Amino acid sequence: MEDDKDTLRILVATDCHLGYMEKDEIRRFDSFEAFEEICSLAKQKEVDFVLLGGDLFHENKPSRSTLVKTIEILRRYCLNDLPVKFQVVSDQTVNFPNRFGHVNYEDPHFNVGLPVFTIHGNHDDPAGVDNLSAIDILSACNLVNYFGKMDLGGSGVGQIAVHPVLVKKGTTTVALYGLGNIRDERLNRMFQTPHSVQWMRPESQEGLSVSDWFNILVLHQNRIKTNPKSAINEHFLPRFLDFVVWGHEHECLIDPQEVPGMGFHITQPGSSVATSLIDGEAKPKHVLLLEIKGNQYRPNKIPLMTVRPFEYAEVVLKDEADVDPNDQASVLEHLDKIVRNLIEKSSQPTASRSEAKLPLVRIKVDYSGFSTINPQRFGQKYVGKVANPQDILIFSKAAKKRQTTTGENIDESEKLRPEELNQQTIEALVAENNLKMEILPVDDLDIALHDFVSKDDKTAFYACLQRNLDETRKKLNSEAEKFKIEEEDIIVKVGECMQERVKEISLRSKGDTGLASSTQNLDTTRGKSVAAESSLNTFSDDEDTRELLLGTRSTRSTAGFTRPSKDATGAPRGGASKRGRGKGSLKQTTLSFSQSRSSAAIRSEEVDSSSDEDAANEANEVVENSDPEDSFPQSGRKRPAPRGRGRARGTSTAKRGRKADTGSMPSMVMSKDDDSDEDDKPKKPPPRVTRNYGAVKRR
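Residues numbered from 1 in each chain as written. Predicted model: local features only at pLDDT ≥ 70, side-chain atom pairs only at ≥ 80, totals over all residues. Heavy atoms only, no water.

## Quick look at the overall build of the chain
When you go through the chain residue by residue, the secondary structure sums to 17 helices and 22 strands. Every one of the 699 residues in the chain was classed for burial, and the buried ones make up 49%. A separation of at least 24 residues holds for 75% of the contacts in the chain among residues at least 6 apart in sequence. Accessible area for the chain stands at about 35100 Å²; split by element, carbon and sulfur atoms hold 49% of it. (Helix = DSSP H or I, 4+ residues; strand = E, 2+ residues; numbered from the N terminus. Buried < 20%, exposed > 50% of the residue type's maximum accessible area, 1.4 Å probe, protein only. Contact = heavy atoms within 4.5 Å. Areas by Shrake-Rupley, 256 points an atom, 1.4 Å probe, with all protein chains shown as cover.)

Here's what the structure looks like:
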């Protein structure tokens, strides 16, 4: 098969996590050395192409150092004069939806001798206003072929169509399906919703039927079934598949396993670098050389030689005879003995290691009935002997078994996996502990937390607060037109409105049959808001955050709330746009808030040219519609105009030239548009923030 022109040779790897621990002096190069070894194996074995199963990068926004090292490795091994012996015969504009729309080795300006096909994982998934990922950078550089990127359209849970990349070499034809990472809960519901996931089959051609294609699927999803709703069952996949490459799970199960009743085999290559010091990561790391001829395949597992050795052990102190619960010195002596044995074991030469490296050592200690030990102090004596002296020990207690509705016993330690916390798990924790969210909705906090941790979005919580403040402001504006709100009731009224809104969102989320908060749509909406905020240099994030915090405090004195003076315009200051929030979309509060400040600054420059007659007419309109004694209190706090903005001159033009004061609660609550000539015009419905890339092409 090796010299046969009809044999397609593919090197399969997943979860390279480039850039992991890049700030650690000992482990910073581990991920790059393993990835370079994978590319070197591909060159040595003369494979036709490399297939990666997601999580090429560890961070959603990899550093410049990580990007440079990755590009250097790909350029060294992928760009050469070697001939490419296979063809892509499918519609490449559908397979690779970028500006160029073709496989990289067909570009006449590049000599690509080793094509790389990859999907995205949960670490490097698309985000932002343009729905781009770090892999798009490599794709734009023509170094990789990025496929399996889905646009979640349709109503409810969404709808996707999976188009295969049709590869042909001699008489061997392979249909390569790619499915980039989608939130497990959402994809789970999509698989259980009819017609939500459509699998496009190759069309029958002359001398080639549909059954002649060897069908491969590469996906990146959770496979462990601790929670059925947050994992993908193998039986959800179509039966016409022949081979499945499963990414995301780091345990190396490289040998293909047949799924009973489905007719296909699954390989789980695992990660090439240990990111979680658990038992599953301690197994030897491998990649898979897959040889396909016709409808037959042959797997060959290849061990990775440059992986740092990792030794794992579990200890139950109460089962050890030489350990006294009342003598901490005996506990330390026993643990030291185990660590020394593991270090000695890892230092033994083996055929699977190219050079000696400091090992990773992890001991899981069950300390039931014992007192804990400081792990950092314990590891100081092993500095220079192990690669992770600061976290050698991890302490746990024996977990209680709980009975499920199906009668299965589930270990409490498996209830939560810290590296796999997601929005649904956080919601479940809030529900289990009977936590009542009275100010901010749980869904909004879930989204903000996910974006802050996974996407490194430093404005996630600020945007969440802004959205809720804008909704509360809008509601109070509508109620202020019907009822008179006294000054001392403002804080109470704000709290009531926000609590009512939390209840409305929780009821709406329970009655909604679809998952209205997809990660990609939310990232797109929030990305537009952040982009708009950064493009308007009217105020700083620190300044506005300080003003919002001041505005939410309870009033310590009446100095911040003043009645409008006789010569004042009487109109509420601030020009915050009153946008509504449509179902299934996020309102761009940051954008509207920035625009209001920007418009206020612009109007301050034009205030000198405005006539006194216009200002007097505007003041009269407000006075006619409001009682000076019972009107809503206006903000009287004075602040110097920020640098670079116009300063109002005179009391008659103060409304136009003054910046909206968000430091006091009445100004935040009763912000309206300043242009009185637009009040009589019918208001347009609030815009929905949507994204539509067009209908999915079908063959």
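After that view of the structure, there is still more to cover.
## Thoughts on helix α2 (residues 64-78)
Here α2 contains 15 residues, and its C-alpha end-to-end distance of 21 Å stays within 8% of the 21 Å for a straight helix at 1.5 Å per residue. Along α2, the positions that sit buried rather than exposed are Thr-66, Leu-67, Thr-70, Ile-73, Leu-74, Tyr-77 and Cys-78. Looking straight down α2, one finds that the buried residues subtend no more than 135 degrees of arc, so they occupy a single side. Opposite the buried face of α2, by more than 90 degrees, sit the exposed residues Arg-64, Glu-72, Arg-75 and Arg-76. As for α2, its buried residues are in contact with α1 (30-44), β4 (116-118) and α4 (134-140). (Expected span 1.5 Å × (residues − 1). Arc of directions from axis to C-beta.)

## Re a negative patch on the surface
Negative charge collects at one region of the surface, where Asp-322, Asp-324, Asp-327 and Glu-333 lie side by side. By relative accessible area, Asp-327 is classed as partly exposed at 34%. (Patch = residues over 30% accessible without salt bridge, like charges linked within 9 Å, V, L, I, M, F, W, Y side chains within 5 Å. Salt bridge = Lys/Arg side-chain N within 4 Å of Asp/Glu carboxyl O. Lys, Arg positive; Asp, Glu negative; His and termini not counted. Charge placed at Lys NZ, Arg CZ, Asp CG, Glu CD.)

## A word on the packing of aromatic side chains
For the coordinates displayed, the defined rule picks out 14 aromatic pairs. Summarising the aromatic geometry, the rings of Phe-378 and Tyr-382 are spaced 5.8 Å apart at their centres and angled 50 degrees between planes, so their arrangement reads as tilted. By relative accessible area, Phe-378 is classed as buried at 3%. Here the aromatic cluster, defined as three or more aromatic residues joined through ring pairs, consists of Phe-49, Phe-86, Phe-96, Tyr-105, Phe-117 and Phe-147. Over the aromatic face of Phe-240 sits the side chain of Arg-201, whose NZ or CZ is 4.0 Å from the ring centroid. (Phe/Tyr/Trp six-rings, centres within 6.5 Å; stacked < 30°, edge-to-face > 60°. Lys NZ or Arg CZ within 6 Å of the ring centre and 35° of its normal.)

## Quick word on the sheet that holds strand β1 (residues 8-13)
Spatially, the six strands line up as an open sheet ordered β5-β4-β2-β1-β14-β15, and their pairing is mixed. Each of the sheet's edge strands pairs with one partner strand only, and the pair in question is β5 (145-146) and β15 (296-303). Taken together, the four bridges between β1 and strand β2 (residues 49-52) define a ladder with parallel strand orientation. Looking at the pairing, Leu-11 lines up with Val-50 of β2. Contacts from α1 reach β1, β2, β14 (286-293) and β15 within the one sheet, and its direction differs from that of β1 by about 170 degrees. (Pairing = 2+ DSSP bridges. Axes fitted to C-alpha atoms, helices over the stretch in contact; angles between N-to-C directions.)

## Let's talk about the environment of Thr-93
Checked against the element boundaries, Thr-93 lands in helix α3 (residues 92-95). In sequence terms Thr-93 and Val-103 are 10 residues apart; their C-alpha atoms lie 9.2 Å from each other.

## Section: the environment of Lys-85
Mapped onto the secondary structure, Lys-85 falls in the loop between α2 and β3 (87-88). Since its relative accessible area comes to 57%, Lys-85 is described here as exposed. Sequence separation of Lys-85 and Phe-49 is 36 residues, and the distance between their C-alpha atoms is 9.7 Å.

## Remarks on unusual backbone geometry
For His-17, which is not glycine, the phi torsion reads 50 degrees and is therefore positive. The class of His-17 is buried, set by a relative accessible area of 1%.

## Digging into the environment of Ser-347
With respect to the helices, strands and loops of the structure, Ser-347 is situated in helix α6 (residues 328-347). Residue Ser-347 is classed as exposed on the basis of its relative accessible area, which comes to 54%. Residues Ser-347 and Leu-358, 11 residues apart in the sequence, show an inter-C-alpha distance of 8.4 Å. A polar contact is formed between the side chain of Ser-347 and the backbone oxygen of Glu-344, at a distance of 2.7 Å. (Polar contact = N/O pair within 3.5 Å; in protein donor to acceptor, adjacent residues only side chain to side chain.)

## Brief notes about the UniProt feature "active site" (unreviewed entry) in the chain
Following the UniProt record, one finds the feature "active site" (unreviewed entry) at His-123. Turning to its location among the elements, His-123 is positioned in the loop between β4 and α4. Looking at His-123, the relative accessible area reads 25%, which means it is partly exposed. When near neighbours in sequence (up to four residues on either side) are disregarded, His-123 contacts His-17, Asp-55, Phe-57, His-58, Glu-59 and Asn-60. (UniProt positions renumbered as here; feature names shortened; annotations may be inferred.)

## A look at the sheet that holds strand β18 (residues 393-396)
To summarise the sheet geometry, strands pair through backbone hydrogen bonds and adopt either a parallel or an antiparallel arrangement. Read from one edge to the other, the open sheet built from three strands follows the order β16-β17-β18, with strand pairing classed as parallel. One side of each edge strand has no neighbouring strand; the edge strands of this open sheet are β16 (310-316) and β18. Each strand of the sheet is rotated relative to its neighbour by a mean of 15 degrees, with strand direction disregarded. α6 rests against β16, β17 (360-366) and β18 of the sheet, and its axis sits at about 150 degrees to β17.

## Some details on the packing of helix α9 (residues 442-454) against helix α10 (residues 460-480)
α10 packs onto α9 with a crossing angle of 155 degrees between their chain directions and a minimal axis gap of 8 Å. By the angle between their directions, the pair α9 and α10 is classed as roughly antiparallel. Classified by chirality, the crossing of α10 by α9 is right-handed. Of the residues in α10, those in contact with Asp-444, Leu-445, Ala-448, Leu-449, Asp-451 and Phe-452 of α9 are Ala-460, Phe-461, Cys-464 and Asn-468. Looking at side-chain class alone, the contact of α9 with α10 contains seven nonpolar, one polar and two charged residues. (Parallel < 35°, antiparallel > 145°, perpendicular 65-115°, else oblique. Left-handed = near helix turned anticlockwise from the far one by under 90°. Nonpolar A, V, L, I, M, F, W, Y, C, P; charged D, E, K, R; others polar.)

## Here's the deal with the nonpolar core
Core analysis: the largest hydrophobic core is formed by 33 residues, its most contacted members being Leu-11, Phe-35, Leu-56, Leu-74 and Val-287. Among the elements that take part in this core, α1 stands out by supplying six residues, more than any other. Residues in contact with Phe-35, not counting those within four places in the same chain, are Cys-16, Leu-18, Leu-52, Leu-56, Ile-73 and Leu-74. (Core = buried A, V, L, I, M, F, W, Y, C linked by side-chain atoms within 4.5 Å.)

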